[in-house]
Amino acid sequence: MRYMLLHKTNDNLEAGNPPDPEILERADAVLEEMRQAGVLVLGEGLMPSSRGARVTFPAPGQPRVIDGPFAETKELVAGVSIIRVDSKEEAIHWALRFAEADPHTPIDILEIAG
């Protein structure tokens, strides 16, 4: 099974400031641990939402493009990891390893379809 770990952002990262070097070092260590365990498919940080856009559909067939930044920081993602593991419990295990690296950043765990 594949799972996506969505690492949420915060106001500091959304302002374009780099992550705390100690947190980044600990998170990189978790990514390396995942590589060594053979479960990491992808692990990347994302730029602030000011560098992105959102497509909405206020009416059928009428897309609307909104440039970032987006207001609701708590709903935004700062990084993504895709892992291949045997169970949701194992995915939770790896998310908890990231929580040890940065206990203030929520992580959503979503199973990838297919």
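About the criteria used
Residues numbered from 1 in each chain as written. Predicted model: local features only at pLDDT ≥ 70, side-chain atom pairs only at ≥ 80, totals over all residues. Heavy atoms only, no water. UniProt positions renumbered as here; feature names shortened; annotations may be inferred. Helix = DSSP H or I, 4+ residues; strand = E, 2+ residues; numbered from the N terminus. Axes fitted to C-alpha atoms, helices over the stretch in contact; angles between N-to-C directions. Parallel < 35°, antiparallel > 145°, perpendicular 65-115°, else oblique. Left-handed = near helix turned anticlockwise from the far one by under 90°. Contact = heavy atoms within 4.5 Å. Buried < 20%, exposed > 50% of the residue type's maximum accessible area, 1.4 Å probe, protein only. Pairing = 2+ DSSP bridges.

1. So, the UniProt feature "domain: YCII-related" (unreviewed entry) in the protein
Now for step 1: UniProt's entry tags residues 1–96 with the feature "domain: YCII-related" (unreviewed entry), counted in the numbering of this structure.
Now for step 2: Helix makes up 31% of residues 1–96 and strand 35%, and the two end C-alpha atoms of the span are 18 Å apart.

2. Some details on the packing of helix 2 (residues 21–37) against helix 3 (residues 88–101)
Now for step 1: Following both chains from N to C, one finds helix 2 and helix 3 inclined at 155 degrees, their axes separated by 8 Å at the closest point. With respect to helix 3, the element helix 2 is oriented roughly antiparallel. In the packing of helix 2 onto helix 3, the handedness of the crossing is right-handed. Every residue of helix 3 that contacts helix 2 at Ile-23, Arg-26, Ala-27, Val-30, Leu-31, Glu-33, Met-34 and Ala-37 is listed here: Trp-94, Arg-97, Phe-98, Glu-100 and Ala-101.

3. As for the pairing of strand 1 (residues 2–8)
Within a regular beta strand, the side chains point alternately toward one face of the sheet and then the other, so they alternate between its two faces.
Now for step 1: Counting buried positions along strand 1 gives 5 out of 7 residues, so the element sits mostly inside the fold.
Now for step 2: As paired elements, strand 1 and strand 5 (residues 77–84) share 7 bridges and run antiparallel to each other. Across the sheet, Tyr-3 pairs through a bridge with Ile-83, a residue of strand 5.
Now for step 3: Note: strand 1 against strand 6 (residues 107–111), 5 bridges, orientation antiparallel. Bridge assignment links Leu-6 to a residue of strand 6, and that residue is Asp-108.

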